[in-house]
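# Analysis of the macromolecular model
If you want the building blocks of each chain, they are given just below.
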Amino acid sequence: MNERQRIILTRLVTGCLLFLLTLRLLEHATLSGLGSPSLFTVDLDLSYWLFKDSGLPDWLMQHRAAAVAFDVCLFGNGVLAFVFPLNRKLILVFAVLLVVYTMTFELFATEHIGQMDGYILILLPFLVAGNRRFTLAWEGMRYLTCLIYVLAFLWKTVWGNSFYYLHQGVSTFKSNLVDYLSLNPGTTMTAIYEWFLRHPWLLNAGEKGVVLLEGIMVVGLFTKKYDRYLIWGPVIIHGVTYFFSDVFFIELLVLDLSFLSATALDRLTPILGFPAAPKKPKKASIPH
Amino acid sequence: MAFFTKILGQSWLGGVYKVDKPLFFILTLFFSGTVGFNLLKLQITPFFLWGMYSLKVPETATYPYLELIYDHGHVLNLRHTWNEPQKTYLYGPLGRYVYDKADASADPFTIYMETVWRKKHPRFAGLTQGLTMTQNELDRYPSWLRSYVSTVTGTPVDEVTVLQKRVSFDASGAPVEVSSDTVLHIDHP
């Protein structure tokens, strides 16, 4: 990967993160919009134990000015990282702020939300200096993305038992969409959902299809030949599970950007390829 | 052995080793940690577990959900895709509060910490005092909920009622309400 491609990739990733964070800001789901929540959970995650014991999340949540200042820093830094993509210090600060935001949100949402894990992971390769080393680290993100889906497949087939339960699709559907169906009678989506409930085998088969698709991502651990197809795996998995199980993992798709080829990045040059930093002006010649 | 060395040498990780040994060490540690913690079924951020929906969700006759009504009859309905973060933040703690029945000592994590963890690790017990919810924190929850509903709806909200409803599905796939119980009622003091 050359410098220009790295610039485009950094802008693509930080741009996606800023877009997702903006949606969260509008939905009162960034720190300044959360109020002063009182319930929390750390589970058995030692990182959350240390984070909670540090006092930082409580301090941020109990001081409105601090929460607002945090949001300003988060967005401001994200924008700066987008404009100056080769400045690794800006990316480091953005990554740290994202980790603090994610952990604070999850702490007070009282659950560890897998969809936000991408916020913590995605910027790590951009902290690596040098194009060759960055290329290798970014390639690692691609392998990690494949591994995540393979692990999800193993959880459902080897360490768990959901794959062997033939009614998993329809039971998950009913459990997760019961509120939507009850509160929104008469909508087109409800009519579609009810049609699926009259044909539960489709939901059950679809659920098995999604699990198998997670398993297929193992191919990516051994070859890059099929990347142009594998890139659609997570898109289909999260699209289908959102519409048919109300499991919202769309934000995790930032990791899917690791499947983009150098050619695809080159195509984005006209949109994202503007100079990373103003070039130093040449010494003006003094007219005699 | 030579075969594996050759394979590893030609791999991505082998490439990293040739270019940058510290990076190779970090990446190997990270990937091993990710796989290892999933095998141990223990999450320590950033080694995430990817076991969502790995246990079967049994089909039942009725399905519960929480319905939030504010200011005497307005039903809070977060139905759009972009409402998801808000929905998570609203219904996660609400479910927890309802499950604990507003009693801090009923919280499963608190029970585990008190009956198992702190007894096993008495030296570190002091460090874990702030990790379990207190009754005071649970008591503050209703007023936070009312204020967050005000933020979400964009209007000052005085009264919030939470119903736990149970629903079955008829042959056409339509939901049929089976029961409705008030699990929380908050009035502006």
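Just so you know, these numbers come straight off a predicted model, no measurement behind them.

The next subject is the sheet that holds strand 2 (residues 74–75) of chain B. Read across the sheet, four strands follow the order 2-1-3-4 (chain B) without closing on themselves; strand pairing throughout is antiparallel. Every other strand in the sheet has two partners, leaving strand 2 and strand 4 (175–187) of chain B as the edge strands with one partner each. Relative to strand 4 of chain B, strand 3 (residues 159–169) of chain B runs antiparallel, the two being bridged by eleven bridges. Residue pairing in the sheet places B:Lys165 in a bridge with B:Ser180 of strand 4 of chain B. Sitting on the sheet, helix 8 (residues 168–183) of chain A is in contact with strand 1 (63–70), strand 2, strand 3 and strand 4 of chain B, with an inclination near 40 degrees to strand 1 of chain B.

The next subject is unusual backbone geometry. Residue B:Pro46 follows B:Thr45 across a cis peptide bond; omega there is 10 degrees. Looking at the secondary structure, you find B:Pro46 in the loop between helix 3 (21–40) and strand 1. If you check the backbone angles, A:His28 has positive phi at about 55 degrees while not being a glycine. Structurally, A:His28 can be placed in the loop between helix 1 (3–26) and helix 2 (46–53). For B:Tyr53, which is not a glycine, the phi torsion comes out positive at approximately 60 degrees. Counting through the fold element by element, B:Tyr53 comes out in the loop between helix 3 and strand 1. Under the C-beta neighbour-count criterion, B:Tyr53 is labelled buried, with 21 such atoms within 10 Å.

Here we take up the nonpolar core. Counting residues in each nonpolar core, the largest one holds 89 residues, and the members touching the most others are A:Phe108, A:Val150, A:Leu151 and B:Val149. The biggest single contributor to this core is helix 7 (residues 131–159) of chain A, with 15 residues. A:Val150 has contacts with A:Gly215, A:Met217, A:Val218 and A:Leu221, leaving out every residue within four places of it along the chain. Core analysis: the second largest hydrophobic core is formed by 13 residues, A:Tyr193, B:Tyr63, B:Tyr65 and B:Phe169 among them.

Among the structural elements, B:Asn38 can be located in helix 3. Not counting chain neighbours up to four residues away, the residues in contact with B:Asn38 comprise A:Leu151, B:Leu49 and B:Trp50.

Conventions and cut-offs
Residues numbered from 1 in each chain as written. Chains lettered and ligands numbered in written order. Predicted model: local features only at pLDDT ≥ 70, side-chain atom pairs only at ≥ 80, totals over all residues. Pairing = 2+ DSSP bridges. Helix = DSSP H or I, 4+ residues; strand = E, 2+ residues; numbered from the N terminus. Contact = placed C-beta atoms within 7 Å. Axes fitted to C-alpha atoms, helices over the stretch in contact; angles between N-to-C directions. Buried ≥ 20, exposed ≤ 12 C-beta atoms within 10 Å, placed from the backbone. Core = buried A, V, L, I, M, F, W, Y, C linked by C-beta atoms within 7 Å.

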